[in-house]
Each structure stands twice: as C-alpha cells, then as structure tokens.
Amino acid sequence: MSIRLSTGGRFLNRARPVRFSFNGQRLPGFLGDTLASALLANDQMMVGRSFKYHRARGVVASGSEEPNALVNLGSGNRHEPNQRATTTALFDGLEATSQNHWPSLEFDIGVVNNALMRFLPAGFYYKMFIHPRSFWKHIYEPFIRQSAGLGKAPAPEDQDPDTYEHFYSFVDVLVVGGGVAGLQAALSAAQSGVKVMVIEQSAHWGGRAPVDGGTIDGMDPDAWVEKTLNTLKSMPNVTVHTRLMGAGVYDHGYALAYERLSDHDPDKGGVRHRLWRIRAARIIAATGALERPLSFAGNDLPGVMLASAVRDYVVNYATAPGQSTVVVTNNDDAYRTAIVLKNAGLDVPAIIDARPEGGGALMEEARGLGIRIETGRGIARVRGLRRVVSVQLCEQDGDGAVLEDIPCDAVAMSGGWSPVVHLWSHCGGKLNWNEAGAFFAPDPDRAPTDQTGAPFVYCAGNANGAMDLKTVLQDAVEQSQNVIGSLGCESGDASVPSVAQTQEAPLLPVWLMPAQAPKALRSKAWLDYQNDVKVSDVQLAAQEGFESVEHTKRYTTLGMATDQGKLSNINGLATLSKALGEDIPAVGTTTFRPPYTPISMGAIAGEARGALFQPVRKTPLHDWHEAHGAVWEPVGQWRRPYCFRRDGESTQDAVNREITATRASLGLLDASTLGKIVVKGPDAGRFLDMMYTNMMSTLPVGKCRYGLMCSENGFLSDDGVVARIDDQTWLCHTTTGGADRIHAHMEEWLQTEWWEWKVWTANLTEQYAQIAVVGPQARTVLETLGGLDVSKEALPFMHWVDGTLGGLPVRVYRISFSGELSYEIATPASHGRALWDRLLEAGAAFDATPYGTEALHVMRAEKGFIMIGDETDGTVIPQDLGLHWAISKKKDDFLGKRAQQRTHMTDPDRWKLVGLETLDGSVLPDGAYAVAEGRNANGQRNTEGRVTSTYHSPTLGRGIAMGLVHRGPDRMGEVIRFARDDGETMIEARIVNPVFFDPDGEKQNV
Amino acid sequence: MSEPMTALGGAVYDGVVTVREAPATGMVLLRADLSDSAVQEAVRAVIGLSVPGQRGTAFAGSTGLLWLSPDEMIILGSHAESRARVAALDDALGSAHALVCDVSDARAVFTLEGRGLREILAKLAPVDMAPDRFAPGEVRRTRLAQVAAAFWLRDEASAQVICFRSVAQYVFDLLSDAADPANELRHFPR
C-alpha cells in the first residue's frame, strides 16, 4: 500500500493539515500536497477508469504529463472535469470525484474483460460503424457517445462565478521554465541588461535538480536555486513568476502564458486565471524533459509509475507509492529512485535493468545499499487486478518465459527521457533524432524564425537534449549567449557554474519488454494510457498499411487525448517504426500544437463575459428608449428599438399602432445609427462616381441623391442617401450595419488602388444624433420648434439645409423612406436628447409617436423600397431589383459595372423583384420558396422564387410581401404557389407591382 | 441652446485608479498630409502648437494635438469653441488638400487617475505599457478589448482615454473591471 512517511517532504507544510474529499470520502492531507500526493498518502491507488476499456488506473506521473489521474473538481457552478490530480494543489475543502466509472470506481460495470477486448482493436470505430450508413446517426453515435468521454461537462445552466483577465506584456527574452537551466539562462541573459521574464508552471523553482541531486558551485541544488533566484529578483530588468505556464508560441514572437492565481487557494479572491499575451523578441524554452514509460504487459496497473515520479513523491511529498517497490529501467537515472526509496527505509526487492551490462556508478551505489540487481532482464507481466501484487521476471531478449515471481506493491519504471520540445515545435521548429539518448531534440539549423528570418526560439538544458546537470548548465549559458548575440547586445558574464555529479552509463533503447513478447503480452502493454492504445494496436495499424505517423495517430487515437501523448508519443512511434522496419527518424513525429497543457476557457475569454461579452453600441437616445418600453433588436453591435410597447400591448399591436399613427399624423424614429461618411477633396466626385452605380459628381450643392454601392463582382452591397455639402464635400449615408464596412471599403480603394487621388474620408456616424420626423404633421411640428424655413418651396424633396431648430444646431434632410412627408434631422450627439425631447413636446398635439425598426420596415415595404440584407444577400445585383434607374449609363466605369455585363448577370432567366399578394390576404412565411413543377437532379422540388420581405400591413389591412421570382416582372398578375415550412401546404400569391401604397407619391410631395 | 450631454453624464468608479468620464471635450479631426509645410503652418497659426511627430502629442493648457497617423490628427480644446475652430482651420488651410471636421460628440473621454494605471491599460490594450516604452507625451491609437480607442499619459498618475461615444458604457465597464482592487496586479515599477 502507499503511505505517508513520517518525516521529510520538501513541499509539505506539516503545520497546516487540511481535509479534502474524494468520491465523498473525507481524507486528510497537508498544505503543499498535490491532490495526487494526498490520494497516494491515503492509499488511494486507483483514481479512475480508462477511456475505452474502463480499466482501473492510478497515478503514473508527478506533473502535467499525467495521463490517468484526471478528476472532476468542485461541485455546482464550480464543477470542472478532467483536472489533473498531479497539478492540482490541495486546499482545505477540496472536492474531487473520479471520472468515467459507473456505478462506482471500485466496481465498474463497463469494464471490458479480456475476451471482449479482442473486439475493440485499433480503428474499431471506423471498422464497425461504417455500414449501414443510415445507422450512424441514430444507433452508433448515441451508443458511442454514452460509452466514451472523459469527465462530465458542467450543467448548462451553471455560470462560472470566477473572473478572468488578460495581460499584455512585452519583453526581450521570455524564459519558459524555472528549473536550473531556465534560471541559469535567465541570469546569463539578464546580465546584458535586456528585459527578461521567467515563468514557471509549478509553484516551485528548481525543477528536478533538487530531487535528483548533484552539486552546483559547491552548493546543493536547492541552495543554488535560492541564491540564483534572489539575484534575479534583485535585478530591475527581470521579472519572475510561478504558477505561470508557457502555453503556446506563435508567429512574430507571440507567446501565451497561463497563470493560475487562486486554484490553490479559492478563497483568495480576485481573478482566478490570467492569460498573459506576451510579445518576446526571443524565447528560451527551458522546459525540461519527460520520462518515458516502458512497454510491458500490465504497465497500466495502479501502482506502476514513472521512476522519477516515485522519487518526487518520496522526496517532495513524503509519500511512498509502495512499501515494496521494484524498479525497472533501461538507464542509470532510475537507480536514483531505488536509492531514495532505500534511504527512506522502504523495501526495494529488485532493480530490473534491461541492459546486459547494467549501469555505472549509481548501480554500484545501489548494490552497496544491498539492493538486488538483475541485468539483462525485464518484466514479463505485472500481476494484480486493481493494484500491483507482483512482477514476473524474464529475460529481456526473450519471449517472456517467467523466471521468477517477485512480490511487490509498486513498480517504478524508466524508459529514458524525452526533451519537452513542444514550444520549439509550436511555431515550426524541426527535430533531430538523438541516437545515444533515443530521443528527438531541437535542430538548431531548423529553428522557428521570426519576421526577419532569425531564429526566435532557443531551447536550453534538458529541452535541448542536454541530459546531465553539467551539460544542462553549460547549455543554458551557451544558448543564453546565443540569444543575447542575436539581439545585438553585449553579452555579460558567460561563466558556467562548476558542477559535481555522478557519471552515468549509456541507456539502451527498449521499446518492448521483453523484446520478443508474444501477442498475449503485447496486447496488454500500454502505450497511451488515456486513450487505451496498446503496442498491439499500433502494430495492427502498421500491418493494415498505415505508414504515416499522422495517419496512425488518428487511426489508433495514440496521443490524441487531453495529455496529447506526452508519455506515449515516442514509445508509439518507435513501435510503429519497428513494425514498419524503418528507422525512427524516417517515420518522424506528429505535430505539437498549443496549448502545452489544457488551459481554461475562462482564461481565453478573459474579461469578455456578462455585460462585457460584447460591446453594445448605444445611441444618444438609448436611455429614453429603454425607459419607454423599447423591445430591442440587435443591428450589428447597436441596439435599436424594434418597437415601443405600451402597457397591455403585444409587440404586433405596438408595431401596428406606430405605423397607423405615423401615416395618420406624426412618427419619430431614432435614425442615429445610419452611417455618415464625409468624403472631401478635388477628386471626391470622381471617387464617388466609382463607388456608386449612379452619378454623384453632378449632384448640386444642397441636394440629396439615393445611391447604390456594389462589390467588384457586381452584387449590391449597400445603399443610402448622399448629400452634396459643398464644392468638394459629399456626405454619404450608409446602412446601420454598413457604416464601418463601407468606410473601410472606401479607404481600401483609396489606399491601394487610387492612392494618387486627392480624397479624404472620415466616419462621422457617431458625431450626430439623427431623428426622422415622419408623417402629415412633420412640417407643422418643425415649424412649431421654429428657426428654419422648411416649407415646400424652401426645402423641396431631396434637399437639405443647415440651421437651428428650437435653438439647437441642425442639418435637415428632406428625404423619405416611408412615403410620408419626412425630414431627417441631424444634430451633434450631445444635443440629441434635447432635440428628441423638444420634438416630443412640440409633437404632443399631433400624437407624436416614436416608432421602431419594424414599423420602419413595414412602411418601406408598403412603398416597395428595398432593404439591404432582406432583398439582397450577396448574390443579388441592382438589376434584379428593378433599380436600373439608379445605374448610370453615362459613366465609363464604376465598381461592379463590368461584372454586371457578364452573361449570367444579364440572363433574362434571373429571379427578379416583384410584389406578392396572397389571395387570402394572409402573411407569407419569411423566406418561403415558390414551388415549380418537377424535381431537380437531387430529387428536390424545383423552385421559381422566394420571399425576401413579408409583413402584415396595417395600412392596407392585409399581408404584403416582396420576393425574387423567375422572370417576375414579366409575369404580373400570375398566381404562383409558396410552400409552408412543412413543404406540403401551399399558399397562393399573385405577382404584383412592389409599390403597394401611394404609387404616385402624393403623400410625400406636399 | 441646451447644455451638451456626455454619454455617461460624468460616471465615476473608484478602484485601483479612479475612472472618470471627462466633461464634454472639443475634438477636431484633421485629415491632411501632416508632413506638408502648408498644413503644419496652418495648424501652428490657428492652434499655436507644432504638429507632433509619430505617436506624439503637443499640449498647451487644455489645447492639444494628438498624432493618429501620418495623415490624421486630433485637435483637443474646449467643446464650445470646436465649431469655430473648424472654420478657422478651414480658412487657414486655404487650398491645401485637407478635411477638417468637428468630432467632439462622436467620442467619449475618460480620465484614469492613480499609480496603477499602466497595469489597468495593459490588461486591455496590446500596448507595451512599460515606463521606458510608453512615456507621458506619447499617444497610442489601439484598442481596449474589442473596441477602438486611443490613450495618452498626462503624467505617471493620470491618463486620458478616448473611444467612440456609442461604446462609452462598455469602455467605462472595462476600465472599472480592470481597476477592481481585487484584481490589482503590480507589474511595473511605481
């Protein structure tokens, strides 16, 4: 059983006992524990069930590479699945539950026994669920969804109560990793005066060195780390951070780092996670190395752990995973674990070393402690059901014939070490195979490069393939000097600390134990614990013809779990290369992608949640609208009133009332959101003639003209009224959603194509509040306010005038989008509310009625006016809409002209705009299709048109609609049929002129 | 004539820094080739300040110039005088190719006061806020979270932020959220 040792524990604060719960059971631990160390200290060897076979699984590792010990953390609105117990700091009251089991962790009904496992081989899903095709959606997928998956998503109604934020940081050198390599590299770099930021993902500095031993400058690694850290902290050009993980490296020296501020202390308050968005001239990845498991049968039993992790738990957490631990290795490093265990008073029945000659000085030290050493031997299989009972010794170079059964309750395995090259690889750094160490290491000649073509990521220490303390520190200094040199800075102190260390014998690559293991053993030798991929699966994939490592990965799911194959990648591709009879470098590696370990969605969102999720744009009249029953409609990021509901009114009632009141007397509309772009310069007229389909250069000063804008492909993009302000100045109104887009469109043409034209633009949309005063009493109410002559003679239709109304500075445009006598009045935004209030006051005698966007839409539809986004969808040209009158035939060119002359655009068979009246007066469904005879090649009903706008017109007391219909204008009076949503019920509608109301414009020409 | 209303009526938040919506501020937009000596001369004659260089500002009392791009500048001053200033600049620019507009009401202005303002802005804007990289006298045209903004430091303990009027509430909420004392971050030397 695993136990807490009575003394020791570098990270433990024994004065601060805490209590936590696991699957409802209350357990003790100490501050400084991780959840994993505390579970082990309580003999909780089994922590979860595997993904595919539901096999019992325990803690394997001691850091972020952990594949098995994933738990649900917290409850209610703080519930979070898939949290790694090894990186979860223990705190008082922590609640964790195990995942992927039913009904209980100890007894799981889904466990796949040995007989059944044969039926879940590599590519199982692909093979089994292909036929019949129709079964996928309703039978296979629901079944797979139920049996697969790690953890449970939080309940949809739960809102995360925590807060998150971003922080932008700019440094010369970002050092990722606070082990001895990172600290030494930071120190060397900082001495040149450049800005250095050092980030460490855990709460502790020094990495593995304090556990693994050696002497630096005559000091214990711990003491050296403290001294170096204090030096760094004293330097004004250095910042150091713990609990801050380098998550990803991107182009142009951009890096994301993930800070966990209060996960270890949820009562601390403040933001929980902070996402650092760092721009670094250079990045030093001192990210260390990860130990590899060995592939032997039963290597996934709870109690089988990485040798380094066993050592970490004993030294850092005073926790022994077993009282009797067998060490199995292909290298010297694992001997350190045996020595640590023995010195802690624990039993080590044997060290099983696959190397025929065994190891070097560390082996002798272990032998000296009286530990039995078996060289040239391996483990045939680990025995046990939910925990280790014994290991079966065999010859490594054999087929697994059992020599002896060695009882034990834990196994510490080491297959060698792999540099953590993730950050190097994120932005394109390539790797070389290191034969001696059997690992991939960065190729300095194929580094990730920045915008100048210079390498911007440098690996140092273990991450760079320097595997012992002395070369680690040498490499850290060397890479740091390279970085400083590449920045063109004077290098500072380039001295390397002196190191005393034990010499190690070479490793022997071991990819399968024993080497000739038969299928029965291979199919129990795990490569990827989290996704349940075994040696036999990868071999099967190779046998079935998978040659690319990327394909094999997807077929077998090797390395595709939340740990991204941190432990399994190298073992998996070594297995694949052997099966293919190729060298490992010829097979290659899969691609590492950010983030290094999963980061929270909250950190990615940052402040963007709740009220700050998206900016809401508000007009100067927004508060009035809100106080007067506005039913809001989002238009771009604006909120516009759809209508103003009074007590007891339905939304439809309100819309009808607003329309009727406006047509009868007086309506007021907040039109502030319409785009207002001023265009000025000697070439402005010429420019606008290109932008618009009609002629704008000839517009006289003081007049307005409705214009259309098209894309280069001829499609209608935006529309609005243009006013000529003076000789060189035009003001272009755009749609609400089009303001920023059209301004950018204008600037793009001016800056990239017609850069020599003398034209300036400015987007003045927000400078003005704009209010439409609409209806038969519109002129009267303006006359009541006083200050301007707005008579028919002084201000004719499609003219504008500057002046004051009721003492407020205004520009009045006599334009109409409703068919009524109508003025749009612009005033500086800071006077917008005052103007609105005065209009309401003066208009009270005429039942002045504020109206919303729906009334606006209905009234324009009654007049047959098109709406960008309703009648247009990016495939419609002005000619389709009968807008030929707004397309100049005199101009040589305008954007879209040539495209509109293409044969498809001039085809008489295009669908064109018409009005539609249902025979029964009902309202056509929005978007409904007109059904034609027959079916197309795909068996779908043929269509001959569709509804683009459809409303109930209170003015006419019936449904009105516009639509695009095949040769529509040629078919006036014809009755066509529209399908309801069910596709069966038909509604008959007559093709009519789209102008339903006041076709002669008598109402606006007064 | 009514009193000009700002977007938020002078909203205030007291946190790590004090976030305050400034009173109505005059702002005139000048679009012209700022390297053109005729343009520079006209600005000097009307405003009494020299056109600042890249990312630069120039101030005399409440009058100021903000460089926004090689062909775009903002002239700050009293709100009441901005229309007259547009006319005066138009006159002085004569035949020079330029666009002058009153944009006073198109924007909202905030002041940040307190020593923590560099961190507040660094939470929201992709700008190097280190004291040796961004000093009083410089302006940055950038974004705050999801919206366009510009800001400059008057001194180490006070900054001005401008954004579009329609998103004034969003920006005020952003700045207040970032200035919440519970989220204080000390990153830059004070």
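Residues numbered from 1 in each chain as written. Chains lettered and ligands numbered in written order. Predicted model: local features only at pLDDT ≥ 70, side-chain atom pairs only at ≥ 80, totals over all residues. Heavy atoms only, no water.

1. Thoughts on the overall build of chain A
Next, step 1: When helices and strands are counted, chain A shows 27 helices and 51 strands.
Next, step 2: Taking the principal axes of its C-alpha atoms as reference, chain A extends roughly 115 × 70 × 55 Å.
Next, step 3: Among the 1006 residues that make up chain A, the fraction classed as buried is 59%.
Next, step 4: The contacts in chain A between residues at least 6 apart in sequence include a share of 66% that link residues at least 24 apart.
Next, step 5: If you sum the accessible surface of chain A, you get close to 39,100 Å²; carbon and sulfur atoms cover 51% of it. (Helix = DSSP H or I, 4+ residues; strand = E, 2+ residues; numbered from the N terminus. Buried < 20%, exposed > 50% of the residue type's maximum accessible area, 1.4 Å probe, protein only. Contact = heavy atoms within 4.5 Å. Areas by Shrake-Rupley, 256 points an atom, 1.4 Å probe, with all protein chains shown as cover.)

2. Some details on the sheet that holds strand E21 (residues 373–375) of chain A
Residue and element names in this part refer to chain A.
Next, step 1: One open sheet holds the five strands; their spatial order is E17-E25-E19-E20-E21, and the pairing between them is parallel. The two strands at the open ends of the sheet, each matched to only one other strand, are strand E17 (304–306) and E21. Neighbouring strand axes in the sheet, compared pairwise and without regard to direction, differ in orientation by 20° on average.
Next, step 2: As paired strands, E17 and strand E25 (residues 410–414) are joined by three bridges and run parallel to one another. From the neighbouring strand, Val304 faces E25, where its bridge partner is Val411.
Next, step 3: Its contacts with the sheet put helix H9 (residues 333–343) on strand E19 (325–329), strand E20 (351–353), E21 and E25, and the angle it makes with E19 is roughly 165°. (Pairing = 2+ DSSP bridges. Axes fitted to C-alpha atoms, helices over the stretch in contact; angles between N-to-C directions.)

3. A few points about the nonpolar core
Next, step 1: The biggest cluster of nonpolar side chains holds 88 residues, and the ones touching the most others in it are A:Leu174, B:Phe110, B:Leu144 and B:Leu175.
Next, step 2: When residues in this core are grouped by element, the largest group, seven residues, is from helix H4 (residues 168–178) of chain B.
Next, step 3: Here B:Leu144 is in contact with B:Leu121, B:Leu124, B:Ala125, B:Ala149, B:Phe151, B:Val161, B:Tyr170, B:Val171, B:Leu174 and B:Leu175, once residues within four sequence places are set aside.
Next, step 4: Counting 79 residues, the second largest nonpolar core, distinct from the first, contains A:Val60, A:Ala69, A:Val327 and A:Ile373. (Core = buried A, V, L, I, M, F, W, Y, C linked by side-chain atoms within 4.5 Å.)

4. Focus on the environment of A:Arg381
Next, step 1: On the secondary structure map, A:Arg381 appears in strand E22 (residues 377–384).
Next, step 2: Separated by 587 residues in the primary sequence, A:Arg381 and A:Gly968 have C-alpha atoms spaced 79 Å apart.

5. Topic: helix H25 (residues 853–862) of chain A
Because an α-helix completes one turn every 3.6 residues, residues spaced three or four positions apart along the sequence face the same direction.
Residue and element names in this part refer to chain A.
Next, step 1: Counted residue by residue, H25 has ten buried out of ten residues, so it is predominantly covered.
Next, step 2: Buried residues along H25 sit in contact with strand E33 (630–635), strand E34 (638–644), helix H20 (651–664), strand E35 (667–670), strand E48 (941–953) and strand E49 (958–966).
Next, step 3: Once H25 finishes, Gly864 follows within two positions and takes phi at roughly 75°, a positive value.

6. Overview of the pairing of strand E6 (residues 72–78) of chain B
Residue and element names in this part refer to chain B.
Next, step 1: Of all seven residues that make up E6, six are buried, and the element is covered over most of its length.
Next, step 2: Pairing of strand E3 (residues 25–32) with E6 involves seven bridges; the strand directions are antiparallel. In the strand pairing of E6, Arg31 is matched with Glu72.
Next, step 3: As paired elements, strand E5 (residues 63–69) and E6 share five bridges and run antiparallel to each other. Opposite Gly64, over in E6, you have Leu76 as the bridge partner.
Next, step 4: Between E5 and E6, which pair antiparallel in sequence order, lie two residues.

7. So, unusual backbone geometry
Residues and elements named next belong to chain A.
Next, step 1: The step from Met513 to Pro514 runs through a cis peptide bond, and the omega angle for that step is -10°.
Next, step 2: A cis amide bond links Pro594 to the next residue, Pro595, at an omega of -5°.
Next, step 3: As for its placement among the helices and strands, Pro595 is situated in the loop between helix H17 (584–587) and helix H18 (601–605).
Next, step 4: Backbone geometry places Ala438, a non-glycine residue, at a positive phi of 55°.
Next, step 5: The residue Ala438 is located in the loop between strand E27 (431–434) and strand E28 (439–442) in this model.
Next, step 6: Residue Thr557 is not a glycine yet carries a positive backbone phi of 70°.
Next, step 7: Considering the arrangement of structural elements, one finds Thr557 in the loop between helix H15 (549–556) and helix H16 (569–580).
Next, step 8: A relative accessible area of 27% means that Thr557 is categorised as partly exposed.

8. Notes on the domain arrangement of chain B
Residues and elements named next belong to chain B.
Next, step 1: Parsing chain B into structural domains produces domain 1 (12–23 + 106–180) and domain 2 (25–102).
Next, step 2: For domain 1 versus domain 2, the separation of C-alpha centres amounts to 23 Å.
Next, step 3: The interface is formed by eleven residues belonging to domain 1 together with 13 residues belonging to domain 2.
Next, step 4: Surface buried jointly by domain 1 and domain 2 totals about 1,000 Å² across both partners, of which 61% is contributed by carbon and sulfur atoms.
Next, step 5: Interface area lost by domain 1 to domain 2 is led by Val139, Arg141 and Trp152, which between them contribute 49%.
Next, step 6: Taken together, the links from domain 1 to domain 2 amount to two salt bridges. (Domains from an automatic or database assignment. Buried area = accessible area lost by both parts, 1.4 Å probe. Salt bridge = Lys/Arg side-chain N within 4 Å of Asp/Glu carboxyl O.)

9. Observations regarding helix H23 (residues 778–785) of chain A
Residues and elements named next belong to chain A.
Next, step 1: Ala778, Arg779, Val781, Leu782 and Leu785 are the residues of H23 that are buried. For H23, the angular spread of the buried residues around the axis is 165°, confining them to a single face.
Next, step 2: Packed against the buried residues of H23 are strand E41 (768–774), strand E42 (800–805), strand E44 (822–828) and helix H24 (832–843). (Arc of directions from axis to C-beta.)

10. Observations concerning the environment of A:Asp399
All names here are of chain A.
Next, step 1: The topology assignment puts Asp399 in the loop between strand E23 (388–395) and strand E24 (404–407).
Next, step 2: Judged by relative accessible area, Asp399 falls into the partly exposed class, the value being 47%.
Next, step 3: Along the primary structure Asp399 and Ser202 are separated by 197 residues, whereas in three dimensions their C-alpha atoms are 42 Å apart.
Next, step 4: Setting aside chain neighbours within four positions, we find Asp399 in contact with Pro514, Gln516, Ala517, Pro518 and Leu521.
Next, step 5: Polar contacts involving the side chain of Asp399 include one to the main-chain amide nitrogen of Ala401, which spans 3.3 Å. (Polar contact = N/O pair within 3.5 Å; in protein donor to acceptor, adjacent residues only side chain to side chain.)

11. A look at the packing of helix H5 (residues 180–190) of chain A against helix H12 (residues 469–486) of chain A
Residues and elements named next belong to chain A.
Next, step 1: Interaxial distance between H5 and H12 falls to 8 Å at its minimum, and their mutual angle equals 35°. Here H5 runs over H12; the crossing is right-handed. On H12, the residues touching Val180, Ala181, Gln184, Ala185, Ser188 and Ala189 of H5 are Leu469, Val472, Leu473, Ala476, Val477, Ser480, Gln481 and Ile484.
Next, step 2: For the contact of H5 with H12, the per-class residue count stands at ten nonpolar, four polar and no charged. (Left-handed = near helix turned anticlockwise from the far one by under 90°. Nonpolar A, V, L, I, M, F, W, Y, C, P; charged D, E, K, R; others polar.)

12. Digging into the pairing of strand E10 (residues 196–199) of chain A
Residue and element names in this part refer to chain A.
Next, step 1: Neither face of E10 is exposed, since Val196 and Val198 on one face and Met197 and Ile199 on the opposite face are all buried.
Next, step 2: Relative to strand E12 (residues 238–241), E10 runs parallel, the two being bridged by four bridges. Of the residues in E12, the one forming a bridge with Val196 is Val238.

13. Quick word on the side chain of A:Asp880
Next, step 1: Within the secondary structure, A:Asp880 sits in the loop between H25 and helix H26 (897–900).
Next, step 2: Here A:Asp880 is in contact with A:Thr875, A:Arg910, A:Trp911, A:Lys912, A:Leu913 and A:Leu964, once residues within four sequence places are set aside.

14. Section: empty space enclosed by the protein
All names here are of chain A.
Next, step 1: Taken as a whole and assessed by the stated rule, the structure comprises nine cavities of 30 Å³ or more.
Next, step 2: For the largest cavity, the calculated volume is near 160 Å³.
Next, step 3: Contributions of two or more residues to the lining of the largest cavity are made by strand E16 (289–291), strand E26 (417–419) and H16. (1 Å grid on protein atoms, 1.4 Å probe; cavity = no way out; pocket = protein on both sides within 12 Å on 5 of 7 lines; lining within 4 Å. Points joined across faces, edges and corners; volume = space filled by probe spheres on them.)

15. Thoughts on the interface of chain A and chain B
Next, step 1: Each partner contributes to the interface: chain A provides 49 residues, whereas chain B provides 51 residues.
Next, step 2: Carbon and sulfur atoms make up 58% of the area that chain A and chain B hide from each other, which totals about 4,000 Å².
Next, step 3: Our count for the contact surface shared by chain A and chain B stands at four salt bridges.
Next, step 4: With a closest N to O distance of 3.0 Å, B:Asp132 and A:Lys195 form a salt bridge.
Next, step 5: Between chain A and chain B we count 23 residue pairs in polar contact (both at pLDDT 80 or more) in total.
Next, step 6: Broken down by element, the side of chain A that touches chain B gets its largest block of residues, six residues, from strand E9 (residues 164–176) of chain A.

16. Comments concerning a negative patch on the surface
All names here are of chain A.
Next, step 1: Side chains of Glu435, Glu547, Glu582 and Asp583 sit close together on the surface and give a patch of like negative charge.
Next, step 2: As for its position among the elements, Asp583 is in the loop between H16 and H17.
Next, step 3: Classification of Asp583 by relative accessible area gives exposed; the value is 56%. (Patch = residues over 30% accessible without salt bridge, like charges linked within 9 Å, V, L, I, M, F, W, Y side chains within 5 Å. Lys, Arg positive; Asp, Glu negative; His and termini not counted. Charge placed at Lys NZ, Arg CZ, Asp CG, Glu CD.)

17. Remarks on the pattern of salt bridges
Opposite charge on two side chains permits pairing when their charged atoms draw close.
All names here are of chain A.
Next, step 1: Evaluation of the coordinates by the stated rule reveals 63 salt bridges over all chains.
Next, step 2: Here Arg971 ties to Glu944 by a salt bridge, and the two come within 2.9 Å at their closest N and O atoms. Of this pair, Arg971 sits in the loop between E49 and strand E50 (975–979) while Glu944 sits in strand E48, placing them 27 residues apart in sequence. Accessibility classification places Arg971 together with Glu944 in one group, the buried group.
Next, step 3: Notably, a salt bridge pairs Arg971 with Glu974, separated by 2.7 Å at the nearest N-O pair.
Next, step 4: One salt-bridge network, held together by shared partners, links Arg208, Asp212, Arg311, Asp312, Asp333, Arg336 and Glu504.

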